[in-house]
Amino acid sequence: MSVDMNLLLVEDDEMLGDGIKTVMERRGMSIDWVRDGLSAMKSVKSVHYDVLLLDLNIPWLSGLEVLARLRSEGNQIPVLVLTARSEVVDRVKALDGGADDYVVKPFDIDELCARIRALHRRHSGQEPEMLRHGDLVLDPSAHTVTIQNSAISLSAKEFDILHSLMENMGRVMSRRKLSEKVYCLEDDVESNAIEVHIHHLRKKLGDHPIRTVRGVGYVIEKPGLLAKR
């Protein structure tokens, strides 16, 4: 992450809040942490933040109420909602109410950081970086994939899955995580949908491996690690 990013965390869980704050500070971020909705509103009005990390279940004003007030006042700060998996209805309400993205608790801290970076890039007008694995190149801006400069035709879901795997190279992505990234909350997703997309991707990508980690999910190894195998 860029060291000039300033974050506001709104989270009333002491252990989770302390953990997020500690990690962000170790990674060079400036981060303020408040525990309730009223304090969140005061902070946003007095300090410029690049991204707001907003829990939904907080005291005094709920996360949804904070979001509604911010947007009604014309404040377009990027908002990343922190939500429990059971709060599907609230997630829909948050996105409809102006939230930019969400992560489901419990979440991987590297994924949280990646989501923060992506939000900051979008709102600051920066182009997302191209992702490379050998001669495989994925361009998020142009929504293209090439191998040895030859275009590979992928469906929208195949592209999203490959994007997630390449963005998280070296880390195993579970089927649940991939489903959350590529399907809308309202979609009726078949139980083997991710496996079908992975099968098609493997056929199209040829020698560029998507490895199955049995019982866990899928991973694209970092090129350096792959060479050592």
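**Some details on the overall build of the protein chain**
For step 1, the next point in the chain: Within the protein chain, the secondary structure is distributed over nine helices and twelve strands.
For step 2, the next point in the chain: Here the protein chain, with 229 residues, has 44% of them falling under the buried criterion.
For step 3, the next point in the chain: A separation threshold of at least 6 residues defines the contact pool for the protein chain, and within that pool the share at least 24 residues apart is 58%.
For step 4, the next point in the chain: Per element, the accessible surface of the protein chain, about 11900 Å² overall, is 50% carbon and sulfur.

**Re the sheet that holds strand 9 (residues 150-151)**
For step 1, the next point in the chain: One open sheet accounts for four strands, arranged 6-7-8-9; its pairing is antiparallel. The open sheet has two free edges, formed respectively by strand 6 (131-133) and strand 9, since each of these has just one partner strand.
For step 2, the next point in the chain: Bridge count between strand 8 (residues 144-147) and strand 9: two bridges; the pairing is antiparallel. By the bridge assignment, Thr146 is partnered in strand 9 with Ala151.
For step 3, the next point in the chain: Here helix 6 (residues 156-167) sits on the sheet in contact with strand 6, strand 7 (136-139) and strand 8, set at roughly 110° to strand 7.

**Section: the packing of aromatic side chains**
For step 1, the next point in the chain: For the coordinates displayed, the defined rule picks out zero aromatic pairs.
For step 2, the next point in the chain: Over the ring of Trp33 we find Arg35; its NZ or CZ atom is 3.6 Å from the centre of that ring.

**Section: the pairing of strand 7**
For step 1, the next point in the chain: Both faces of strand 7 are covered, namely the face carrying Leu136 and Leu138 and the face carrying Val137 and Asp139.
For step 2, the next point in the chain: Pairing of strand 6 with strand 7, which is carried by three bridges, proceeds in the antiparallel orientation. Looking at strand 7, one finds that Arg132 is bridged to Val137.
For step 3, the next point in the chain: Between strand 6 and strand 7, which pair antiparallel in sequence order, lie two residues; one of them, Gly134, sits at a positive phi of approximately 65°.
For step 4, the next point in the chain: Relative to strand 8, strand 7 is paired through four bridges, and the arrangement is antiparallel. Looking at the pairing, Asp139 lines up with Thr144 of strand 8.

**Digging into the pairing of strand 2 (residues 30-34)**
For step 1, the next point in the chain: Here strand 1 (residues 6-10) pairs with strand 2 via five bridges, running parallel. The residue bridging Asn6 from the neighbouring strand is Ser30, located in strand 2.
For step 2, the next point in the chain: One crossover worth recording links strand 1 to the parallel strand 2 by way of helix 1 (residues 14-26), and it is right-handed.

**Describing the packing of helix 1 against helix 5 (residues 109-124)**
For step 1, the next point in the chain: Axis separation between helix 1 and helix 5 bottoms out at 12 Å; the angle between their running directions is 65°. Crossing hand, helix 1 versus helix 5: right-handed. Residue-level contacts link Ile20, Val23 and Met24 of helix 1 to Ile109, Leu112, Cys113 and Ile116 of helix 5.
For step 2, the next point in the chain: Among the residues forming the contact of helix 1 with helix 5, the class breakdown is seven nonpolar, no polar and no charged.

**Side note on unusual backbone geometry**
For step 1, the next point in the chain: A cis amide bond links Lys105 to the next residue, Pro106, at an omega of -10°.
For step 2, the next point in the chain: By the secondary structure assignment, Pro106 is in the loop between strand 5 (101-105) and helix 5.
For step 3, the next point in the chain: Look at Trp60: it is not a glycine, yet its phi comes out positive at around 70°.
For step 4, the next point in the chain: With respect to the secondary-structure elements, Trp60 resides in the loop between strand 3 (51-55) and helix 3 (63-72).
For step 5, the next point in the chain: The class of Trp60 is exposed, set by a relative accessible area of 70%.
For step 6, the next point in the chain: Its identity is not glycine, yet Gln148 carries a phi of approximately 50°, on the positive side.
For step 7, the next point in the chain: On the secondary structure map, Gln148 appears in the loop between strand 8 and strand 9.

Rules behind the numbers
Residues numbered from 1 in each chain as written. Predicted model: local features only at pLDDT ≥ 70, side-chain atom pairs only at ≥ 80, totals over all residues. Heavy atoms only, no water. Helix = DSSP H or I, 4+ residues; strand = E, 2+ residues; numbered from the N terminus. Buried < 20%, exposed > 50% of the residue type's maximum accessible area, 1.4 Å probe, protein only. Contact = heavy atoms within 4.5 Å. Areas by Shrake-Rupley, 256 points an atom, 1.4 Å probe, with all protein chains shown as cover. Pairing = 2+ DSSP bridges. Axes fitted to C-alpha atoms, helices over the stretch in contact; angles between N-to-C directions. Phe/Tyr/Trp six-rings, centres within 6.5 Å; stacked < 30°, edge-to-face > 60°. Lys NZ or Arg CZ within 6 Å of the ring centre and 35° of its normal. Right-handed = clockwise from strand over helix to strand, strands pointing away. Left-handed = near helix turned anticlockwise from the far one by under 90°. Nonpolar A, V, L, I, M, F, W, Y, C, P; charged D, E, K, R; others polar.

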